[in-house]
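Coordinate analysis (summary)
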Amino acid sequence: MRYLLPLNNDGPFKAVFSDPEIAKPFLEAILGVQMTEIELLPTDHKVTNAASMVRFDFRCKIDGQYVIIEMQKVTYNYLIKRFYLYHCLSVALQLEFIQDKIEIMPDGSEKITKRYEQLLPVLTIDWIALDDFGLTDDFIDFRMYPHLLLEFLTEESFWRGDKEALLEMRQKMLKKWEVIEQNFGFHAENRLIYFFQKNVVKNASNKPYVRWFEFAQKTLNPNNTEADFKPYVNDLIFSKMIQRLSTQSMPPAELRAMIGEEAYAAALKGKEESDELERKFKIKKDFYDLYGAEIYEEKAAAAWKLTMAHQAFGKIEQSLLKDAAEKEQARLKAEQEKGKAEQEKVKAEKLAAEQKELLQKEKEAKKLLLKAERDKAKMQQKILLKAEKEKQEQLLKAEKEKQEQLLKAEKEKQEQLLKAEKEKNQLKMLELGKKMLENGQDITFICNLLSISEAALRG
């Protein structure tokens, strides 16, 4: 049996990269960056009620972006479209994490939308094991760029002119490019990178990722041995990968699940046949070493047949014990899966409850904020009305005081006029009284008639 399972198969690939301590250095080697953390995400999703289950080979979140890795051993004519679909799905599945935004409308109703500003770019790494699509590069990187770039590269008229005209056109394109990148840069942050394992191994550059693909290429050999992987045993990360892929230490049930029933049965049959031949040879050698020189060939052959019969009975008993052990393992595994499913259910319910509680708190906070703003507006309106009222009262008071002062001044003026007029009249009466007195009229009669005093008339 081969020493390591092929890394390029789905089961072994997921068994290896389900470990963050392996996935993180691999992505760092691929991207040429140092990452602070990596968060593994669920790989199985049902996108719509009618859609079948979508299973990513690997999905995680790293610094500021989501990453999926799709391993492909055999290529199909629809492969590129499938990879693009998975890329888009990884963008859409961020709706699991994007928070809701609650807006209170003027009529008091609530409007719930998503906080789309939290959307992160997606990096899709498509690992092609056996094909190279006619290319010689290690990888090819696709991003979403505006059509003007293609026009610039393919428009013949740009390239038929002189160099100065071409450089002038390039400067214009660069200015436009700055505007585009400023507003639409998120498009280019989304990437699909196709890595070609055959080319990486063949080109044998000194890039950090080359060792990973060389390791995977060695595991494809159905006759790989322990000696093939000696260069990797001193590396902690690759040692963990060897441990996860080793057929020697892997439990039978896990090995069968990983390589499939048919391949497991064939491998097991080959191993059993090899072990049986080795066992028979050892028994026969030990038997004839002990008895061959002392008994006849016939007796030795008879004894040999009897020994084989006992061995056959023992083999049947071992088979029964093995079946019982496998059934017990299957039962325990079913119980573990059931327990795991229940834990996932509880976890999902807890997450949903927390999300609901978070939304309720946010809703209550929005209402409290709206109430506070309304109370503040009412208080400000009340203060303004009070100030306006006081201002009007002050204006009215000032106007009243002004009117009173005007009336008082007018009254005093009238009184002075009346006094002056009275004095004037009195003078006239005195003048008249004096004339009447000169004409011989009686002074008492004159005073009574003119309402003047005798003393004033005499004075």
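In this report, the structure presented in the accompanying data block is examined. (Residues numbered from 1 in each chain as written. Predicted model: local features only at pLDDT ≥ 70, side-chain atom pairs only at ≥ 80, totals over all residues. Heavy atoms only, no water.)

Describing the sheet that holds strand 8 (residues 122–128)
The test is simple: Any two strands with at least two DSSP bridges between them are considered paired. Strands here are runs of E lasting at least two residues and helices are runs of H or I lasting at least four, both read from the DSSP assignment and numbered beginning at the N terminus.
The six strands lie next to each other as 1-4-5-8-10-9, forming an open sheet whose pairing is mixed. In the strand order of this sheet, the two ends are held by strand 1 (39–40) and strand 9 (139–143), each with one partner. Sheet topology note: the strand 8/strand 10 (residues 191–196) ladder contains six bridges and is parallel. Directly across from Trp 127, in strand 10, lies its bridge partner Phe 195.

Things to note about the packing of helix 8 (residues 210–219) against helix 9 (residues 236–245)
For any two helices packed against each other, the geometry is given by the interaxial angle and the distance between the axes. Quick note on the threshold: Only the stretch in contact is used when fitting a helix axis, every axis being a line fitted to C-alpha atoms; angles between N-to-C directions are given from 0 to 180 degrees. Throughout, the term roughly parallel applies to angles under 35 degrees, roughly antiparallel to angles over 145, roughly perpendicular to angles from 65 to 115, and oblique to all others. Each crossing gets its handedness from the near helix: less than a right angle anticlockwise from the far helix is left-handed, clockwise is right-handed. Contacts: residue pairs with any heavy atoms within 4.5 Å of one another.
Here helix 8 crosses helix 9 at 20 degrees, and the two axes come no closer than 12 Å. Taken together, the axis directions place helix 8 and helix 9 in an arrangement best described as roughly parallel. Seen from above, helix 8 lies across helix 9 with right-handed handedness. Of the residues in helix 9, those in contact with Arg 211, Trp 212, Phe 215 and Thr 219 of helix 8 are Ile 237, Phe 238, Met 241, Ile 242 and Leu 245.

Some thoughts on the packing of aromatic side chains
As a reminder of what qualifies: Working definition: a ring pair exists when centres of Phe, Tyr or Trp rings (six-membered ring for Trp) sit within 6.5 Å. Plane angles under 30 degrees give stacked, over 60 give edge-to-face, the rest tilted. Per-residue accessibility, obtained with a 1.4 Å probe over protein chains only, is compared with the maximum for each type, and a residue is labelled buried under 20%, exposed over 50%, and partly exposed between these values. Lysine NZ or arginine CZ positioned within 6 Å of the ring centre and within 35 degrees of the ring normal marks a charge as sitting over the ring.
Counted under the stated rule, the structure contains 26 aromatic pairs. Seen in terms of ring centroids, Phe 195 and Tyr 209 are 5.2 Å apart; in terms of plane orientation they differ by 75 degrees. Their pairing is edge-to-face. Remark: Tyr 209 occurs in the loop between helix 7 (197–203) and helix 8 and Phe 195 occurs in strand 10; sequence separation between them is 14 residues. Tyr 209 shares its class with Phe 195; the two are buried. Both rings, one in Tyr 232 and one in Phe 238, keep their centres 5.2 Å apart while their planes meet at 40 degrees; by these two values the pair is tilted. Take Phe 238: its relative accessible area is 3%, and that puts it in the buried class. Lying over the aromatic face of Tyr 86, Arg 82 brings its terminal NZ or CZ to 5.4 Å of the ring centre. The lysine or arginine in question, Arg 211, covers the ring of Phe 238, its NZ or CZ lying 4.9 Å from the ring centre.

So yeah, pure geometry; function would need other evidence.
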